[in-house]
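Below are the chains, spelled out letter by letter.
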Amino acid sequence: MTETISARAVLLDMDGTLVDSTAVVERLWLAWAEPHGIAPETVLSVVHGRQGHQSMAIMLPDRDHRINLEENAVMLANESKDVDGVVAIAGADALLAALLPFPHAIVTSADVTLMNARMGQAGLTVPSLTVTAESVSASKPDPEGFLLGAELLGVDPADCVVFEDSGAGIQAAHAAGMRVIGVGPHATSHQPTFHVDDLTQIAVVPTADGFDLTIR
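Residues numbered from 1 in each chain as written. Predicted model: local features only at pLDDT ≥ 70, side-chain atom pairs only at ≥ 80, totals over all residues. Heavy atoms only, no water.

Colleague: Would you take a moment to explain the environment of histidine 174 for this structure?
Modeller: Here histidine 174 is to be found in helix 8 (residues 167-175). Each C-alpha atom, one on histidine 174 and one on cysteine 160, is 11 Å from the other, the two residues being 14 residues apart in sequence. Dropping the residues within four chain positions of it, histidine 174 is found in contact with Val180, Gln191, Pro192 and Thr193. Of the polar contacts made by the side chain of histidine 174, one reaches the backbone oxygen of glutamine 191; its length is 2.9 Å. (Helix = DSSP H or I, 4+ residues; strand = E, 2+ residues; numbered from the N terminus. Contact = heavy atoms within 4.5 Å. Polar contact = N/O pair within 3.5 Å; in protein donor to acceptor, adjacent residues only side chain to side chain.)

Colleague: How should I be thinking about unusual backbone geometry in this particular structure?
Modeller: Glycine aside, the phi torsion of most residues is negative, and most peptide linkages are trans. Along the chain, lysine 140 connects to proline 141 via a cis peptide bond; the corresponding omega equals 20°. If you trace the backbone, proline 141 turns up in the loop between strand 6 (130-131) and helix 7 (144-153). The phi torsion at glutamine 191 lies on the positive side, around 60°, for a residue other than glycine. Mapped onto the elements, glutamine 191 comes out in the loop between strand 8 (179-183) and strand 9 (194-196).

Colleague: I would appreciate a short explanation of the sheet that holds strand 7 (residues 160-164) in the present structure.
Modeller: Within a beta sheet, neighbouring strands are joined by backbone hydrogen bonds and run either parallel or antiparallel to one another. The six strands are arranged 6-5-2-7-8-9 in an open sheet whose pairing can be described as parallel. The strands lining the two open edges of the sheet, one partner per strand, are strand 6 and strand 9. Summarising the sheet, strand 2 (residues 9-12) and strand 5 (residues 104-107) pair through three bridges and their orientation is parallel. In the strand pairing of strand 5, leucine 11 is matched with alanine 105. In this fold helix 5 (residues 92-99) packs onto strand 2, strand 5 and strand 7, with an angle of close to 145° to the strand it touches most, strand 2. (Pairing = 2+ DSSP bridges. Axes fitted to C-alpha atoms, helices over the stretch in contact; angles between N-to-C directions.)

What follows is the structure in structure tokens.
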């Protein structure tokens, strides 16, 4: 069944939405967690979609947050250097190309260096507007990043559509008052407004007031 979503702007998460970085994320985070005795299933249920220092705070709630910030800086540097296995989500390049005439931005929990490293490894062009870890004071599931993206694009949040894969990201988009297209098999459990298996199911169709996103 075809679904049509009217929009004036698109906000795109990166990890799990435009690029598949699962292999490196899990490799580095499980190595970080092992000395702390944190179960792998706990790690994998927490780290996706959040800034690293927030993930650390959730898993080690009694630890001085200053340590989390320091270790997160190290983690980001390691992630930026280790891009082995990072690939584009199917259809990501075509979607980014189709959105070029329209307002759109990446909203990611990664910092600028990591975003550029992963997008480059995946062979994807970074949009001219991005909201990264440096841009916000609060990580997803806080809606700050998505609201800032809408503000910078000059579009009302209700007219934005978010592409997200993680629970934290989908929660943030809903909190921002935006419709959400969940991407991939794990997104369905987080109640996105719509769902696709990958980005090959999306078509961008110009309209008089903006554009439609058609889910095929």
